[in-house]
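Report on the structure
Residues per chain are reported as follows:
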Amino acid sequence: MARKRPSKGKHPKEKTPTFLLELPLVVEQGQAARLRAHLEAGRQLYNAILSVGNKRLRQMRADPAWQAARAIARLHKQERAAAFSALRQQYGFSEASLHEAVKVLRVGWIADHIEAVLAQTLATRAYRALNRVCLGQARRVRFKSRGRGLGSLENKRNDTGLRFVLQKSEEGQHGYLLWKQDRLPALIDWKDPVVTHGLAQRMKYARLIRRPASSSQARGADASGSRYFVQLALEGKPYHKAKHPVGTDVVGLDIGPSTIAIVARQAPARLEIFAEALAPKAQQLRRLQRQMDRQRRAANPEHYDEQGRPKKRGKGSPSWKQSKSYQATRRRKATRERKLKAHRKSLHGRMVHEIVAVGNSIVTEKLSYKGWQKQYGKSVGLRVPGMFMDHLRRTVASTGGILTEVSTRRTKLSQFCHGCGQMVKKPLSQRLHQCACGVGLVQRNLYAAFLAAYLDPANPIPSCAQYQPYWEARLRTAHERLVQRAKEGQVLPQSFGLPRAGARLSKSQSGPTPEPIFLLRHGRLEAWKESCEPPVLQPGELSAGHEMIRTLGS
């Protein structure tokens, strides 16, 4: 009797590190028209599968068993997970169920544009958006409008459908993105070590990206004013440039909505405005927003009451009109926002490399950057500290470092004093730390970053016995540097706690310049720009000056 062999179980695929490489594509007008049709089909299929999943989610949450599962104590993890898993299986709310549902939706003309594998990636994308709503991480899902469209479409692998092909060296080493009957060449700079290192790795899959340009006349843009790129998901770690060294020190960070404090155990301390160079561009955006509001009000007076407040809209209310000047202003604003985003990303990368150059063992507090949006909406929207932290995590991981985020409830760095070991709660308006035990006067963010640099990740509770004696000199040096900037008149945020931080530097240090003599007729005096220390006139000189002015006036 033959003995049966034991069935071999399927082993999960081993997860390997992944990095991205983006290359611009050369797209002709006919190819661009076909790409727009493919992306439009993908948009409609995504909205369809999102609607199916949203309906299943509403039915599942309306079931009384959902409330019963929520009532289970979180201590009983297995029982709670089993209850929610049974509900997901009953209503078909899972990634595999949406993969089955998309087979029915991918019919007709949509099947001519979207392959089965691409449809599965769209179903996975829709499930992730719905699952965030199910877990309470988002309020609702957003459907893709026709005007905004679908900005990207990706594959699962690089052997069928949407794929990137790289020729061999004897064939010219050209790269092409293949999709349907189109062969889109990519611009490859082989002199760039980043590109050379990336294309030498194994390709996992390709992603097509469409980004808006300033206009249809922009370089590389199609008739609709869009540029196209291919983003390659590659196996391995990204190329590390020699100009970005990696330090060995331990760095403590304290990130705020508008400031960042950097204190290492050995290197000098720093307290800076977070992405300071973005302020002038933000002012330009505000001017364009005000101009758009004036144009919108001029074209739609029926939507505002006598006091200029927008009326409540209901069913059957007239639609908003958009003038050509409003559309032109909106395009200019979109271009400014695109450039602002690129500048912000560049500033984030520069700051990340400056921190990693000091040390790749970083300790900071775990904060809710989304919660800051309610109280510090403008500052968070301009500087985006959450995106900075994502960039820092990726860079530290690629260099083999460690990024530790400690709980604010356990550490309470802004309330702790290492001199006496007491916790004293401070209001947000108190920006300086000073204790009766003799510690201080020091800036609050600098002090919190200093305490974070000396925390033990295994026991993240500040202690009084692990701080070096020369800590105060380094922190006071950074604080005195800010005081000097404020005395010079430079603009600093109020969170620094400096009284003269609202002053501005004068645009010119030149002396007073008189107006022409013909402006002094009819009793008008000469207009002088006041200097810092006007000359002191003697009584005789004062009377002579009055006599000269009286003569000129007559």
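Look a little higher up for the structure.
In short, a report on the structure. (Residues numbered from 1 in each chain as written. Predicted model: local features only at pLDDT ≥ 70, side-chain atom pairs only at ≥ 80, totals over all residues. Heavy atoms only, no water.)

1. Concerning the overall build of the protein chain
Within the protein chain, the secondary structure is distributed over 16 helices and 14 strands. The proportion of buried residues among the 554 residues of the protein chain is 38%. Counting contacts in the protein chain only where the partners sit at least 6 residues apart, residues at least 24 apart contribute 67% of the total. Of the roughly 34500 Å² of accessible surface on the protein chain, a fraction of 52% belongs to carbon and sulfur atoms. (Helix = DSSP H or I, 4+ residues; strand = E, 2+ residues; numbered from the N terminus. Buried < 20%, exposed > 50% of the residue type's maximum accessible area, 1.4 Å probe, protein only. Contact = heavy atoms within 4.5 Å. Areas by Shrake-Rupley, 256 points an atom, 1.4 Å probe, with all protein chains shown as cover.)

2. Topic: the packing of helix 1 (residues 29-62) against helix 6 (residues 116-134)
Their axes nearest at 9 Å, the elements helix 1 and helix 6 cross at an angle of 35°. In this structure, helix 1 meets helix 6 at a crossing whose hand is right-handed. Here Gly42, Leu45, Tyr46, Ile49, Leu50, Gly53, Asn54, Leu57, Met60 and Arg61 of helix 1 lie close against helix 6, whose contacting residues are Ala119, Leu122, Ala123, Arg125, Ala126, Ala129, Leu130, Val133 and Cys134. Among the residues forming the contact of helix 1 with helix 6, the class breakdown is 14 nonpolar, three polar and two charged. (Axes fitted to C-alpha atoms, helices over the stretch in contact; angles between N-to-C directions. Left-handed = near helix turned anticlockwise from the far one by under 90°. Nonpolar A, V, L, I, M, F, W, Y, C, P; charged D, E, K, R; others polar.)

3. A few points about the nonpolar core
When a protein is soluble and globular, its nonpolar side chains tend to lie buried together. Within the largest apolar cluster, 53 residues are counted, with the highest numbers of intra-cluster contacts made by Leu23, Leu25, Phe164, Leu177, Leu199 and Leu232. By residue number, the principal contributor to this core is helix 1, which donates ten residues. Once residues lying within four places of it in the same chain are set aside, the contact partners of leucine 199 are Leu21, Leu23, Phe164, Leu166, Ile188, Trp190, Leu232 and Leu234. Counting 33 residues, the second largest nonpolar core, distinct from the first, contains Val250, Ala448, Ala478 and Phe496. (Core = buried A, V, L, I, M, F, W, Y, C linked by side-chain atoms within 4.5 Å.)

4. Section: helix 8 (residues 279-299)
Over its 21 residues, helix 8 extends 31 Å from the first C-alpha to the last, a length consistent with the 30 Å expected when each residue adds 1.5 Å. Listed as buried for helix 8 are Ala282, Leu285, Leu288, Met292 and Gln295. Angularly, the buried residues of helix 8 cover 140° about the axis, an arc narrow enough to put them on a single face. Among the exposed residues of helix 8, those oriented more than 90 degrees off its buried face are Arg294 and Ala298. (Expected span 1.5 Å × (residues − 1). Arc of directions from axis to C-beta.)

5. Some words on a positive patch on the surface
A cluster of basic side chains, namely Lys281, Arg330, Arg331, Arg332, Arg336, Arg338 and Lys339, defines a positive patch on the protein surface. Per-element tally for the positive patch: the top contributor is helix 9 (residues 324-358), with six residues. (Patch = residues over 30% accessible without salt bridge, like charges linked within 9 Å, V, L, I, M, F, W, Y side chains within 5 Å. Salt bridge = Lys/Arg side-chain N within 4 Å of Asp/Glu carboxyl O. Lys, Arg positive; Asp, Glu negative; His and termini not counted. Charge placed at Lys NZ, Arg CZ, Asp CG, Glu CD.)

6. Things to note about the environment of tyrosine 205
Looking at the secondary structure, you find tyrosine 205 in strand 6 (residues 203-212). Linking tyrosine 205 and phenylalanine 164, residues 41 residues apart in sequence, is a C-alpha distance of 7.9 Å.

7. Some details on the pattern of salt bridges
Per the counting criterion, the structure on display carries 20 salt bridges. Linking lysine 103 and glutamate 100 is a salt bridge whose minimum nitrogen-to-oxygen distance equals 3.5 Å. On the criterion of helical spacing, the pair formed by lysine 103 and glutamate 100 is a turn pair, its members being three residues apart in helix 4 (residues 95-105). Glutamate 100 gets classed as partly exposed once you look at its relative accessible area, which sits at 49%. For aspartate 293, the salt bridge identified is with arginine 296, shortest N-O distance 3.4 Å. Residue aspartate 293 and its partner arginine 296 are located together in helix 8, separated by three residues, close to a single helical turn. Under the relative-accessibility criterion, aspartate 293 is labelled partly exposed at 29%. Taken together, the shared-partner salt bridges connect Glu40, Arg43 and Arg146 into one network.

8. What about the pairing of strand 14 (residues 440-443)?
Pairing analysis gives three bridges linking strand 13 (residues 432-434) to strand 14, with the strands arranged antiparallel. Note that in strand 14 the partner of glutamine 434 across the bridge is glycine 440. Where strand 13 hands over to strand 14, the hairpin turn is made up of five residues, of which glycine 438 adopts a positive phi near 110°. (Pairing = 2+ DSSP bridges.)

9. What about the packing of aromatic side chains?
Scanning all chains against the criterion turns up seven aromatic pairs. Look at tryptophan 66 and phenylalanine 84: their rings are 5.0 Å apart centre to centre, the planes differ by 70°, and that puts the pair in the edge-to-face class. In this pair, tryptophan 66 is assigned in helix 2 (residues 64-71) and phenylalanine 84 in helix 3 (residues 77-91), connecting sequence segments 18 residues apart. No difference in accessibility class separates tryptophan 66 from phenylalanine 84, as the two residues are buried. Within the aromatic cluster, the residues linked to one another by ring pairs are Tyr447, Phe450 and Tyr454. (Phe/Tyr/Trp six-rings, centres within 6.5 Å; stacked < 30°, edge-to-face > 60°.)

10. Thoughts on the environment of alanine 96
Locating alanine 96 in the fold gives a position in helix 4. Residue alanine 96 is classed as exposed on the basis of its relative accessible area of 51%. Distance in space between the C-alpha atoms of alanine 96 and glutamine 120 is 9.3 Å, their sequence separation being 24 residues.

11. Let's talk about the side chain of histidine 38
Mapping histidine 38 onto the fold places it in helix 1. When residues no more than four places from it in sequence are discounted, the contact partners of histidine 38 are His113, Ile114, Trp179 and Lys180.

12. Here we look at the sheet that holds strand 12 (residues 402-406)
Spatial strand order, 10-9-8-11-12: five strands in an open sheet with mixed pairing. Pairing within the sheet leaves two strands with one partner each, and these edge strands are strand 10 (270-273) and strand 12. Neighbour-to-neighbour, the strand axes of the sheet open up by a mean angle of 20°, direction not taken into account. The strands that helix 9 touches are strand 8 (250-255), strand 9 (259-264), strand 10 and strand 11 (361-365); relative to strand 9, the one it contacts most, it runs at about 15°.

13. A few points about unusual backbone geometry
Even without being glycine, lysine 180 reaches a positive phi, approximately 60°. Structurally, lysine 180 can be placed in the loop between strand 4 (175-179) and strand 5 (182-185). Lysine 180 sits in the partly exposed class, given a relative accessible area of 36%. Even without glycine at this site, alanine 275 takes up a positive phi of about 55°. Considering the arrangement of structural elements, one finds alanine 275 in the loop between strand 10 and helix 8.

14. As for the side chain of serine 152
Residue position: serine 152 is located in strand 2 (residues 152-154). Among the residues examined, serine 152 registers a relative accessible area of 19% and is labelled buried. Residues contacting serine 152, with those up to four places away along its chain left out, are Arg125, Arg207, Leu208 and Ile209.

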